[in-house]
2 protein chains.
Amino acid sequence: MRSTRASESEPPVGTAVRIRDAAIRRFGRDGFSAGLRAVAADAGVTAGLVVHHFGSKDGLRAACDGYVLEFIHSEKMKATTRSVNAIAQLAEVEQYAPYAMYALRSIQAGGELGKVFVDRMAKDAEDYLEAGVQSGMIRPSRDPAARARWLTYQHTGSMLLWMSLHGRAVEVDDFRAELRRMSDEVTLPALELFTDGLFVDRTMLDDYLMYVPDPPAAGQQ
Amino acid sequence: MRSTRASESEPPVGTAVRIRDAAIRRFGRDGFSAGLRAVAADAGVTAGLVVHHFGSKDGLRAACDGYVLEFIHSEKMKATTRSVNAIAQLAEVEQYAPYAMYALRSIQAGGELGKVFVDRMAKDAEDYLEAGVQSGMIRPSRDPAARARWLTYQHTGSMLLWMSLHGRAVEVDDFRAELRRMSDEVTLPALELFTDGLFVDRTMLDDYLMYVPDPPAAGQQ
DNA sequence: GCTGTCATTGAACACTCGTTTAGGCTTTGA
DNA sequence: TCAAAGCCTAAACGAGTGTTCAATGACAGC
């Protein structure tokens, strides 16, 4: 063990914090293919020091994951904020925007944080929808968990796609602006669909329910 | 110009075809970070020969893009096949599955092919929806283009997200299996939403229409 | 039969990456 | 005051990358 507290659970302090924050920003901007030297330069240190503090690049990434994850689970993010479009909500707060970008990168890269983050959003969306159902604003579903998961995937996925295609989203401000542009374009069709649906008649749904009498078990996968 | 027909428009022949096909498969499996030597080994040749034929790695990728793009635009893909879930449809045909994987990677990487592919899908979806509206099966929209684009982004994006999170989708068969698994999970909530919508009342939509009297111009961006 | 052209190889180059190592500097504690 | 410990840098290493280059072999046309 060449480091003071490489992969230990103790949170980093001092310079290590600066490195970790720089890494979150840099990884969020450029993805995880960004080099250690770039992160180090952002933090005003050397590449060697980064691995001295975090053991390896994976260790650094794990520290970033852990920090962002802890933030997501913390009370700073209320459940309502955390549901379907949590990322956009996060991005609106200047201080938290880098976390949103980092989380999106992590989702894109298929990291563990990505899974946890999406699961979390889906779970919160389920609660949120359930509350809407209780108060009579949201239609009930035959499989609430699957619906919440699907809506989360749709929303997060389209955001991911938008950023892949349109996103020269390097700077935090660009990222936020791009999310707003997407929101503007999307709101009308979304409200239309959520209000009136897409199909005129019910045959597609009825045929499916006939063909598959038991909807797939909720909470699978 | 060190190559016979590096970036020329003439399509590759013979060994060059084998290299290009190997590249489509390899890039589709591992992403564009896959090395030239790996592609070369798949094709049974040397890295040097690859750049001899295609000028550079970018040249190779451009050739792949062009080929897949030409295929997408070709008559082999009818418009109905090409709409919203074109990728899943492609993946169902053993022979074309690598194109689907390559296209998804290209979308993920934000390449030009990705943009064109998504635009194409959105355009086809618009026509498809319009036909449905004409025949009385699909509800009309105040902004059909935006709706088609949004539905395309949602579907393609969630596919992208699914593959990022669940996809150890290295092999063609795994890719197809994963798409099917996703389809199973998604069908019920999708049909529910498309049939009945999500909101019980119309206040959200009406408020929006009141607040923004003119829906954003179609076909922007 | 000779010459030129093309396909192809294998080695080398220049570069970046993550990681290692040796050492200097500062702080701490006895 | 001296030694240990920790922070930090600069340089180097080895493995990867895309790309270049000289050499080889096959095959065409004259």
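Look up: the structure comes first, before these words.
The structure displayed is predicted, hence computed values, not measured ones.

A. Broad picture of the packing of helix α1 (residues 15–30) of chain A against helix α3 (residues 47–54) of chain A. Residues and elements named next belong to chain A. Orientation of α1 relative to α3, taken along the N-to-C sense of each, is 105°, at an axis distance of 10 Å. By the criterion of interaxial angle, the relationship of α1 to α3 is roughly perpendicular. The residues of α3 that touch α1, namely those facing Thr 15, Ala 16, Ile 19 and Arg 20, are Leu 49, Val 50, His 53 and Phe 54. Tallied by class, the residues present in the contact of α1 with α3 amount to five nonpolar, two polar and one charged.

B. Layout of helix α3 (residues 47–54) of chain B. Residue and element names in this part refer to chain B. Residues of α3 that are buried: Ala 47, Val 50, His 53 and Phe 54. The arc that holds every buried residue of α3, seen down its axis, measures 125°, which confines them to one face. The secondary structure elements touched by the buried residues of α3 are α1 (15–30), α2 (36–43) and α4 (57–73). Remark: Gly 55 follows α3 within two positions and exhibits a positive phi of approximately 85°.

C. Representation of the relation of the copies chain A and chain B in the model. Mapping chain A onto chain B leaves a residual RMSD of 0.0 Å; the transformation is a rotation of 180° accompanied by 0.0 Å of translation along its axis. The two molecules are tied by a two-fold rotation axis, judged by turn and shift. In this assembly, 100% of the residues forming the interface of chain A have copies in chain B that are likewise at the interface, indicating an isologous arrangement.

D. Summary view of the interface of chain A and chain B. Listed by partner, the interface residues are 59 residues for chain A and 59 residues for chain B. Buried area between chain A and chain B, both sides added, is near 6,000 Å², and the carbon and sulfur share of it is 65%. Applying the counting rule to chain A against chain B returns six salt bridges. A salt bridge links Arg 202 of chain B to Asp 196 of chain A; the nearest nitrogen and oxygen atoms lie 2.6 Å apart. Summed over the shared surface of chain A and chain B, the result is 28 residue pairs in polar contact (both at pLDDT 80 or more). For the side of chain A that touches chain B, the secondary structure elements donating two or more residues are α7 (97–109), α8 (112–134), α9 (144–166), α10 (172–196) and α11 (203–211) of chain A.

E. The arrangement of the side chain of Ser 164 of chain A in detail. In this fold, Ser 164 of chain A is placed in helix α9. Among the residues examined, Ser 164 of chain A registers a relative accessible area of 8% and is labelled buried. A distance of 3.3 Å separates a polar atom in the side chain of Ser 164 of chain A from the backbone oxygen of Gln 108 of chain B. Ignoring any residue separated from it by four or fewer positions in sequence, one finds Ser 164 of chain A in contact with Gln 108 of chain A together with Ile 107, Gln 108 and Gly 110 of chain B.

F. Quick look at the packing of α1 of chain B against α4 of chain B. Residues and elements named next belong to chain B. α4 packs onto α1 with a crossing angle of 90° between their chain directions and a minimal axis gap of 10 Å. By the criterion of interaxial angle, the relationship of α1 to α4 is roughly perpendicular. Contact residues: α1 offers Ile 19, Arg 20, Ala 23, Ile 24 and Phe 27, while α4 offers Lys 57, Leu 60, Ala 63, Cys 64, Tyr 67 and Val 68.

G. Just the nonpolar core, in detail. By size, the foremost hydrophobic cluster in this structure holds 129 residues, and its most contacted members are Leu 60 and Phe 175 of chain A together with Leu 60 and Phe 175 of chain B. Sequence-distant contacts of Leu 60 of chain A, defined by excluding residues within four places in its chain, comprise Ile 19, Arg 20, Ala 23, Phe 27, Leu 36, Val 39, Val 50 and Phe 54 of chain A.

H. Geometry of the environment of Glu 130 of chain B. Residue and element names in this part refer to chain B. Topologically, Glu 130 is positioned in helix α8 (residues 112–134). Judged by relative accessible area, Glu 130 falls into the partly exposed class, the value being 36%. Each C-alpha atom, one on Glu 130 and one on Ala 145, is 9.7 Å from the other, the two residues being 15 residues apart in sequence.

I. Structural context of the pattern of salt bridges. Residue and element names in this part refer to chain A. Under the counting rule described, the total for this entry stands at 28 salt bridges over all chains. A salt bridge links Arg 180 to Glu 92, with the nearest nitrogen and oxygen atoms 2.9 Å apart. Of the two residues, Arg 180 sits in helix α10 while Glu 92 sits in helix α6 (residues 86–92), which places them 88 residues apart along the sequence. By relative accessible area, which is 39% here, Glu 92 ends up partly exposed. When salt bridges with common partners are traced through the structure, they connect Arg 26, Arg 29, Asp 30, Asp 42 and Glu 171 into a single cluster.

Reading the values: the criteria
Residues numbered from 1 in each chain as written. Chains lettered and ligands numbered in written order. Predicted model: local features only at pLDDT ≥ 70, side-chain atom pairs only at ≥ 80, totals over all residues. Heavy atoms only, no water. Axes fitted to C-alpha atoms, helices over the stretch in contact; angles between N-to-C directions. Helix = DSSP H or I, 4+ residues; strand = E, 2+ residues; numbered from the N terminus. Parallel < 35°, antiparallel > 145°, perpendicular 65-115°, else oblique. Contact = heavy atoms within 4.5 Å. Nonpolar A, V, L, I, M, F, W, Y, C, P; charged D, E, K, R; others polar. Buried < 20%, exposed > 50% of the residue type's maximum accessible area, 1.4 Å probe, protein only. Arc of directions from axis to C-beta. Least-squares fit on C-alpha atoms with pLDDT ≥ 70 in both. Buried area = accessible area lost by both parts, 1.4 Å probe. Salt bridge = Lys/Arg side-chain N within 4 Å of Asp/Glu carboxyl O. Polar contact = N/O pair within 3.5 Å; in protein donor to acceptor, adjacent residues only side chain to side chain. Core = buried A, V, L, I, M, F, W, Y, C linked by side-chain atoms within 4.5 Å.

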